[in-house]
Amino acid sequence: MSNPTMKDVHVGGVLDNVSILFKNQALVADRVFPTVPVSKQKDSFYKFLKGDWFRNEAGVRGPGANARRGGFKLTTDTYNCNELAWAQELPVEALRNSDNVLDLEDLSVLFAKNVVGLRREADLASLIINTGNWTSTNDVEGGWLHTVTTPTFIADMFTGIQTVQELIGLRPNKLLIEAVTWNSIRQLDDVLDRIKYTGGTDDPAKITTKMIAGLFELDEVIVAGAIRSSDEETMAGTEFTAVRLWEVNAGKGSALLYFDSGVPMKEMPSAGYTFAWDRRNDDIEDEILEQDELWLVRKWWEKSPKQWVIEASMSLAPKITGADAGYLFYDTLSS
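Cut-offs and rules
Residues numbered from 1 in each chain as written. Predicted model: local features only at pLDDT ≥ 70, side-chain atom pairs only at ≥ 80, totals over all residues. Heavy atoms only, no water. Helix = DSSP H or I, 4+ residues; strand = E, 2+ residues; numbered from the N terminus. Buried < 20%, exposed > 50% of the residue type's maximum accessible area, 1.4 Å probe, protein only. Lys, Arg positive; Asp, Glu negative; His and termini not counted. Salt bridge = Lys/Arg side-chain N within 4 Å of Asp/Glu carboxyl O. Contact = heavy atoms within 4.5 Å. Expected span 1.5 Å × (residues − 1). 1 Å grid on protein atoms, 1.4 Å probe; cavity = no way out; pocket = protein on both sides within 12 Å on 5 of 7 lines; lining within 4 Å. Points joined across faces, edges and corners; volume = space filled by probe spheres on them. Nonpolar A, V, L, I, M, F, W, Y, C, P; charged D, E, K, R; others polar.

1. Concerning the side chain of Glu121
Next up, step 1: Tracing the backbone shows Glu121 in helix α4 (residues 104-128).
Next up, step 2: Despite its burial, Glu121 pairs with no opposite charge, the nearest such side chain being Arg120 at 6.7 Å.
Next up, step 3: For Glu121, the residues in contact, after removing those within four places along its chain, are Ala26, Leu27, Val28, Ala29, Ala226, Leu245 and Trp246.

In structure tokens form, the structure reads like this:
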């Protein structure tokens, strides 16, 4: 008598405790420019002209004389929030026949927010890595690559700090750096030499973002590693060609040193802000799955195709508000 085979004793099913999903884990758009909640989709904000506040014009007033007089000028700039949105259809047949491991509604929310979040990241990256958007830029010509004979990272950083400080009267306090450049910096011998006594006993030479921030007296170092696929969708669904978002020139590396106000502030400079139209007071008949000052996730029923639709959206305007408050390094890894 033969023993039962695996085919006899197990009817193929789907595991309910594991699945495989790839998505960007390190979107940084919400950390780069402070978010300014606004009640109108389009509006203006005041800008003070910098020159008025740096002129040394006070004079000695003699007895019976008037003090020297003058004032400051005002101008305005505008923002216009665009709505980024993505909707996922959920046919009732798919919902009723899906395996327990698949929570299709939660997955649809996750997917829709992922699509919108990636577009937000890509838009912000395109704005920031445009050399025409900043007063000061530096073609590093591969000087931050750890294999070059004479790396220029430390000298370039101090040049950038001094340049921004002389333009706005404040030291830049943040460094945004794309991930491949960051990996190279962590291997630079002169950087390792500067921080070799700051590590712990278990890992004395591990370079962290906090260490680099401390080296240059910055509040934060942000590593931007988001990628997108440049391939169009096909029936097979296996197409994938990775493109790094945070590079001026593909494969050559970039970084932005800048001053960030931290939170929206009056009478304070900032390299940029993200104006976000707050829609929490909108009168919406659909079922609201999530709503805050940035996100609106809603769900509605479409009768004819017998399906639910889940839509994620945000309405925002990332904007450079101080071109002289940033210093863009590009081609950090290759000339």
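2. Focus: helix α5 (residues 153-168)
Along an α-helix, residues three or four apart share an orientation, since each turn contains 3.6 residues.
Next up, step 1: Taking 1.5 Å of rise per residue, 16 residues should cover 22 Å, and α5 covers 23 Å from first to last C-alpha, within 8% of that figure.
Next up, step 2: Positive backbone phi, at 80°, marks Gly169, one or two positions downstream of α5.

3. Overview of the pattern of salt bridges
Next up, step 1: Counting across every chain of the model gives 16 salt bridges.
Next up, step 2: In this structure, the salt-bridge partner of Arg298 is Asp286, at a minimum N-O distance of 2.3 Å. One end of the pair, Arg298, is in strand β13 (residues 296-302); the other, Asp286, is in the loop between β11 (272-277) and β12 (287-291), with 12 residues separating them in the sequence.
Next up, step 3: We note a salt bridge from Glu311 to Arg298, for which the minimum N-O separation is 2.8 Å. Of the two residues, Glu311 sits in strand β14 (residues 307-320) while Arg298 sits in strand β13, which places them 13 residues apart along the sequence.
Next up, step 4: Here the salt bridges do not stand alone but share partners, grouping Arg31, Lys174, Glu220 and Asp260 into one network.

4. With respect to the layout of surface pockets
Next up, step 1: Counted as a void, the largest pocket has a volume near 1400 Å³.
Next up, step 2: Around the largest pocket, the lining comprises 35 residues; the ones closest to its centre are Phe22, Phe111, Asn114, Val115 and Leu118.
Next up, step 3: Mapped by element, the contributors of at least two residues to the lining of the largest pocket are β4 (82-91), α4 and β8 (227-229).
Next up, step 4: When residues of the lining of the largest pocket are assigned to their parent elements, the largest contribution, 10 residues, is made by α4.
Next up, step 5: Taken together, the residues that form the lining of the largest pocket break down as 18 nonpolar, nine polar and eight charged.
Next up, step 6: The computed volume of the second largest pocket comes to approximately 1000 Å³.
Next up, step 7: Taken together, 30 residues line the second largest pocket, and the ones lying closest to its centre are Tyr46, Lys47, Phe48, Met268 and Pro269.
Next up, step 8: Mapped by element, the contributors of at least two residues to the lining of the second largest pocket are β1 (35-38), β2 (42-48), β3 (74-80) and β11.
Next up, step 9: Sorting elements by how many residues they give to the lining of the second largest pocket places β2 first, with six residues.

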